[in-house]
Amino acid sequence: MVIASLSFVLAIAVVTTTYFLTNEREETSDIPVSNEQVNIPVISLPKSEEQAMRPYQVDAQIVLDFYGERKSEVPNMTKFEGTYRANQGIDYAYNDEAFDVTAIFSGEVSEVKEDPLFGHSCTIVSGDLAITYQSLQDMRLEVGSEIKQGEAISLAAANIYNKELGNHVHIVVEKNGERVDPESIYGKTLAELK
């Protein structure tokens, strides 16, 4: 008798559950999936901050390092007209090939010039950071132009000042007017560099 009662209760439970699940599906199938007249507020997410990226997309190497506290196997002094000078930036080269030089951060072009020793150069300001790109093949930007991070600025080229380096780019980073080791900024946001 107990087994028959349990079987009866179990059968009722299965029938009841099936009934409710079936009716629930039928009732919800008539509800529209979207209603274009409903105004749902859209919230814009804040843009993620850019992290400084290297000024090239090839496997470039440091051929003349920044003269500073960081230890390096690469020379950080340059000899020009018989005088040694501390390197105020970093020089990157890729097998003496002309490669695309790209913007480290988005910013505004504040200076464009052609220097007889350093070749074409431009400075891009991003917040309180000014990054100068020298030894460029040509100048595609104008003062006041906006550039996005990763956009090509020009091609790396040779210059008279460091002619033994062949095609290369010379990067100078200044924060509030003080020179900074370019290698110390990569992978960091402008906020992290404060």
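This one's a predicted model, so the numbers in the text were calculated from it and none came from an experiment.

Once that is clear, we can look at the environment of Val 101. Within the secondary structure, Val 101 is located in strand 5 (residues 100-102). Given a relative accessible area of 0%, Val 101 falls into the buried group. A C-alpha to C-alpha distance of 5.6 Å links Val 101 and Ala 152, two positions 51 residues apart in sequence. Look past the residues within four positions of Val 101 in its chain and what remains in contact with it is Pro 55, Tyr 133, Leu 136, Glu 151, Ala 152, Ile 153, Ser 154, Leu 155, Ala 156 and Val 169.

As a further point, take the side chain of Ser 126. Position of Ser 126 relative to the elements: it lies in strand 7 (residues 119-126). For Ser 126, a relative accessible area of 3% translates into the label buried. Not counting residues up to four positions away in its chain, the partners in contact with Ser 126 are Phe 105, Ser 106, Gly 107 and Leu 190.

This brings us to the pairing of strand 8 (residues 129-136). Most of strand 8 is tucked away, with eight of its eight residues classed as buried. In terms of strand pairing, strand 7 meets strand 8 through seven bridges, oriented antiparallel. Note that in strand 8 the partner of Ser 126 across the bridge is Leu 129. Counting the residues that bridge the hairpin from strand 7 to strand 8 gives two residues, and of these Gly 127 lies at a positive phi of roughly 65°. The pairing of strand 8 with strand 11 (residues 169-175) spans six bridges and is classified as antiparallel. When the bridges of strand 11 are listed, Tyr 133 appears paired with Ile 171.

Turning our attention to the nonpolar core. Counting residues in each nonpolar core, the largest one holds 28 residues, and the members touching the most others are Ile 104, Ile 131, Tyr 133, Ile 153 and Ile 185. Breaking this core down by element, the ones donating at least two residues are strand 4 (90-93), strand 7, strand 8 and strand 11. The leading source of residues in this core is strand 8, at four residues. Every residue in contact with Tyr 133, bar those within four places of it in the chain, is listed here: Pro 55, Val 101, Thr 102, Ala 103, Ile 104, His 120, Ser 121, Cys 122, Ile 124, Ile 153, His 170 and Ile 171.

Definitions and limits used
- Residues numbered from 1 in each chain as written.
- Predicted model: local features only at pLDDT ≥ 70, side-chain atom pairs only at ≥ 80, totals over all residues.
- Heavy atoms only, no water.
- Helix = DSSP H or I, 4+ residues; strand = E, 2+ residues; numbered from the N terminus.
- Buried < 20%, exposed > 50% of the residue type's maximum accessible area, 1.4 Å probe, protein only.
- Contact = heavy atoms within 4.5 Å.
- Pairing = 2+ DSSP bridges.
- Core = buried A, V, L, I, M, F, W, Y, C linked by side-chain atoms within 4.5 Å.

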